[in-house]
Amino acid sequence: MRILALDASTDVCAVALGDGTHWAERAENAGQRHSELLLPMVRALLAEARLDLAALDGIAFGAGPGSFTGLRIACGVAQGLALGANLPVVGVATLEAMAETVRKRSGGTRVIAALDARMLEVYVAAYEHERSRWRVVLDPVVVLPGEAPLPPGGGWAGVGNGFAAYPALRERFADVLSGCDEGILPTATAIGSLALPRFAAGEGIAAREAAPLYVRHRVALTTAERVAGMRL
């Protein structure tokens, strides 16, 4: 089984093509250029592999949470490609993809993943790996760093730029963290790795049914918040 995976949930724009054993990935710090870069990166990977979309078994994308614009771009590109090639689609939680990256790099099995959500908030979730898959311990939420929900027990690895952006988040989890890696972000390869067993289990959906996982439902600060110096 060979799939394509896309992610535009952060400043990084990434595409991966693989079968679970071998992955080819392209990633670039895109800023606000995801819409310009994503399709050319897909075409380049397919050309390198000498494949066309019809040879694939599905398309996965980082569903969120993350940048509203980036999530819409990744979902839209996945839908367009899948519709044209009649392929199923799987959306993967970006915070779970961060946990998967930690597991592949260091063997971590208890992970608190946090992304900077701007507006003085973080996206945060907790996952525990058991029986060859991740179990959601705390569902993705958007919260003030000092009010983040606490997972049970200790030995949790904290990952993501949410910890870098808000020292209060590390303080909040101080009693349960065993370490922290602020540089971990979602990757297209991790998204593909998590999507593969779902495709194999027949969990792929029709392209028209794919949707982002926003978590937050507002995209702008109020005038009072802007005056107070909050960040978008």
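Throughout, a residue's number is its position along its own chain's written sequence, starting from 1. Whole-chain, interface and lining totals are the exception, using all residues; otherwise, since this is a predicted model, local features are given only for residues with pLDDT of at least 70 and side-chain atom pairs are given and counted only at 80 or more. Calculation of side-chain values draws on the structure's entire complement of heavy atoms; hydrogens and water are dropped beforehand.

Would you mind showing me how to read the overall build of the protein here?
Within the protein, the secondary structure is distributed over seven helices and ten strands. Computation of the radius of gyration draws on C-alpha atoms, with the globule rule given as 2.2 Å multiplied by the number of residues to the power 0.38. For 232 residues, the compact-globule estimate of 2.2 N^0.38 gives 17 Å, and the protein sits close to it at 17 Å. Dimensions of the protein, computed from C-alpha atoms along their principal axes, come out at roughly 50 × 45 × 30 Å. Partly exposed describes any residue whose relative accessible area lies between the buried limit of under 20% and the exposed limit of over 50%, with all areas from a 1.4 Å probe on protein chains only and scaled to the type maximum. Within the protein, buried positions represent 48% of all 232 residues. In this description, contact between two residues means that some pair of their heavy atoms is separated by no more than 4.5 Å. Put simply, of all contacts in the protein between residues at least 6 apart along the chain, 62% involve residues at least 24 apart. Of the roughly 10600 Å² of accessible surface on the protein, 50% is carried by carbon and sulfur atoms. Across the protein, the centroid of the 22 positively charged side chains sits 2 Å from that of the 24 negatively charged ones. Secondary structure elements are taken from DSSP: a helix is a run of H or I of four residues or more, a strand is a run of E of two residues or more, and numbering for both begins at the N terminus. Accessible surface area values rest on a Shrake-Rupley calculation with a 1.4 Å probe, where residue burial reflects the displayed protein chains alone. Positive: Lys, Arg. Negative: Asp, Glu. His and the chain ends are not part of the count. In this description, the location of a charge corresponds to atom NZ of lysine, CZ of arginine, CG of aspartate or CD of glutamate.

Looking at this structure, I do not really get the packing of aromatic side chains. What am I missing?
Planes of paired rings set the category: under 30 degrees apart is stacked, over 60 is edge-to-face and the rest tilted, where pairs are Phe, Tyr or Trp rings (Trp by its six-membered ring) whose centres lie within 6.5 Å. Under the criterion given, the structure shown has two aromatic pairs. Here the aromatic rings of Phe 68 and Tyr 214 are separated by 4.9 Å at their centres, their planes lie at 20 degrees, and the arrangement is stacked. Residue Phe 68 is found in helix H2 (residues 68–85), and its partner Tyr 214 is found in the loop between helix H6 (188–200) and helix H7 (223–227); the two are separated by 146 residues along the sequence. The buried category is assigned to Phe 68, whose relative accessible area is 15%.

Mind showing me how you'd approach the confidence of the model for the protein here?
The predicted structure's coordinates, where accompanied by low pLDDT, should not be read in detail. Known as pLDDT, the predictor's confidence for each residue is given on a scale from 0 to 100. With 93% of its residues at a pLDDT of 70 or more, the protein shows a mean pLDDT of 93. Note on residues 220–232: pLDDT is under 50 here. Beyond four places in sequence and across chains, it has 19 contacts.

Honestly, H6 in this entry has me stumped. Any pointers?
An α-helix turns once every 3.6 residues. As a result, residues three or four positions apart point the same way. The span one expects for a helix is its residue count, reduced by one, times 1.5 Å. The end-to-end C-alpha separation of H6 is 18 Å, in line with the 18 Å expected for 13 residues at 1.5 Å each. For H6, a buried count of ten out of 13 residues is recorded, marking the element as mostly surrounded by other parts of the structure. Along H6, the residues classified as buried are Ala 188, Thr 189, Ala 190, Ile 191, Gly 192, Ser 193, Leu 194, Ala 195, Leu 196 and Phe 199. Two residues or fewer after H6 comes Gly 202, characterised by a positive phi angle close to 80 degrees.

Would you mind showing me how to read the pattern of salt bridges here?
Where side chains of opposite charge bring their charged atoms close, a pairing between them can arise. Between Lys or Arg on one side and Asp or Glu on the other, a salt bridge is scored when a side-chain nitrogen of the former is within 4 Å of a carboxyl oxygen of the latter. By the definition in use, this model includes twelve salt bridges. Here Lys 104 ties to Glu 100 by a salt bridge, and the two come within 3.5 Å at their closest N and O atoms. With Lys 104 and Glu 100 both in helix H3 (residues 94–106) and four residues apart, this pair spans about one turn of that helix. Judged by its relative accessible area of 4%, Glu 100 falls in the buried class. Linking Glu 130 and Arg 135 is a salt bridge whose minimum nitrogen-to-oxygen distance equals 3.0 Å. The partly exposed category is assigned to Arg 135, whose relative accessible area is 36%. A single network of salt bridges, built from pairs that share partners, joins Arg 110, Glu 128, Glu 130 and Arg 135.

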